[in-house]
Amino acid sequence: NLSIRGGKTINKKIVALIMIIILVCTLPFLFYHNKSDYTSTFFSLDTIVSIKTDSNIADTLKSEIQKFDTIYDIYSENSEIYKLKEKKQLVCSNELTDMIKKTILAQSIYGNRLDITIGNVTKLWNCSIDNGALPDNSLIMRYLNKSGYENIDIKDNLITLKNEISLDAGSVAK
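Remember, it's a predicted structure, so these values are computed and weren't measured experimentally. (Residues numbered from 1 in each chain as written. Predicted model: local features only at pLDDT ≥ 70, side-chain atom pairs only at ≥ 80, totals over all residues. Heavy atoms only, no water.)

Novice: With reference to specific residues and values, describe the pattern of salt bridges.
Specialist: Close approach of charged atoms allows side chains of opposite charge to pair. Applying the stated criterion across every chain, the model contains 3 salt bridges. With a shortest N-O distance of 3.0 Å, glutamate 64 and lysine 67 are connected by a salt bridge. On the criterion of helical spacing, the pair formed by glutamate 64 and lysine 67 is a turn pair, its members being 3 residues apart in helix H2 (residues 58-72). (Salt bridge = Lys/Arg side-chain N within 4 Å of Asp/Glu carboxyl O. Helix = DSSP H or I, 4+ residues; strand = E, 2+ residues; numbered from the N terminus.)

Right, here's the structure in full:
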């Protein structure tokens, strides 16, 4: 037993227990603050991406995310989806084919809430914003009336875009 002011005594076991509790509660904070943070910030899929992790996998994650650019970036002439948009028919990778198939399935279930065939509408909005004006409603309706997953044919990995549609995978690729 320990004696404190006023003549009261404290059991040594209670003091030891309190010390252990304090130590156990503070150890995680000590270890967390001693870890180095790895950060990578970059531009991918028309978005600023920032990765912060406590292990050195930020570069690996960045590389994986940038692979999406080579497939899904509608603005990059080197991307697979851009080439499909331009050629209207292309033998595509399994990744792009699977994404389009899954998106078609989702659109058939949920309706036009998820429509990757509105690339022409996206382009119209981007051009209008660049010119400081809203797009003409008749043009929007023209492009919307030509959109829809029914305008995509898939045979194995051969994808054909019909009815002058253009794809925009931004809503699903991210």
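Novice: Let's hear about the side chain of threonine 97: which residues, and what values?
Specialist: Tracing the backbone through its elements, the reader meets threonine 97 in helix H4 (residues 94-110). Taking the relative accessible area as the measure of exposure, threonine 97 reaches 1% and is therefore buried. Excluding anything up to four places from it in sequence, threonine 97 contacts Cys92, Ile154, Asp156, Asn157 and Ile159. (Buried < 20%, exposed > 50% of the residue type's maximum accessible area, 1.4 Å probe, protein only. Contact = heavy atoms within 4.5 Å.)

Novice: For the packing of helix H5 (residues 119-130) against helix H6 (residues 137-146), give the residues involved together with the corresponding values.
Specialist: Relative orientation of the contacting elements H5 and H6 amounts to 160 degrees, with a least axis distance of 8 Å. The orientation of H5 with respect to H6, classified from their angle, is roughly antiparallel. You can see that H5 and H6 cross each other, and the crossing is right-handed. Between H5, through Asn120, Val121, Leu124 and Trp125, and H6, the contact on the second element is made entirely by Leu139, Ile140, Tyr143 and Leu144. (Axes fitted to C-alpha atoms, helices over the stretch in contact; angles between N-to-C directions. Parallel < 35°, antiparallel > 145°, perpendicular 65-115°, else oblique. Left-handed = near helix turned anticlockwise from the far one by under 90°.)

Novice: Which residues make up the sheet that holds strand S7 (residues 158-161), and what values go with them?
Specialist: Taken in spatial order, the 3 strands of this open sheet run S5-S7-S6, and their pairing is antiparallel. A single partner strand is all that each edge strand has here, and the edge strands are strand S5 (89-91) and strand S6 (152-155). Recorded for the sheet is a direction-independent mean angle of 15 degrees between the axes of neighbouring strands. Helix H3 (residues 80-87) contacts S5 and S7 of the sheet and is inclined by roughly 140 degrees relative to S5. Sheet contacts for H4: S6 and S7; angle to S6, the most-contacted strand, approximately 125 degrees. (Pairing = 2+ DSSP bridges.)

Novice: Outline the nonpolar core, supporting the account with residue identities and numerical values.
Specialist: Tyr72, Leu84, Leu96, Ile100, Ile152 and Leu167 are the most contacted members of the largest nonpolar core, which has 20 residues in total. For this core, the elements supplying multiple residues, two or more each, are H2, H3, H4 and S7. Looking at which element gives the most residues to this core, the answer is H4, with 4 residues. Discounting residues that sit within four places of it in the chain, isoleucine 152 has contacts with Ile100, Ile104, Thr117, Ile159, Thr160, Leu161, Ile165 and Leu167. (Core = buried A, V, L, I, M, F, W, Y, C linked by side-chain atoms within 4.5 Å.)

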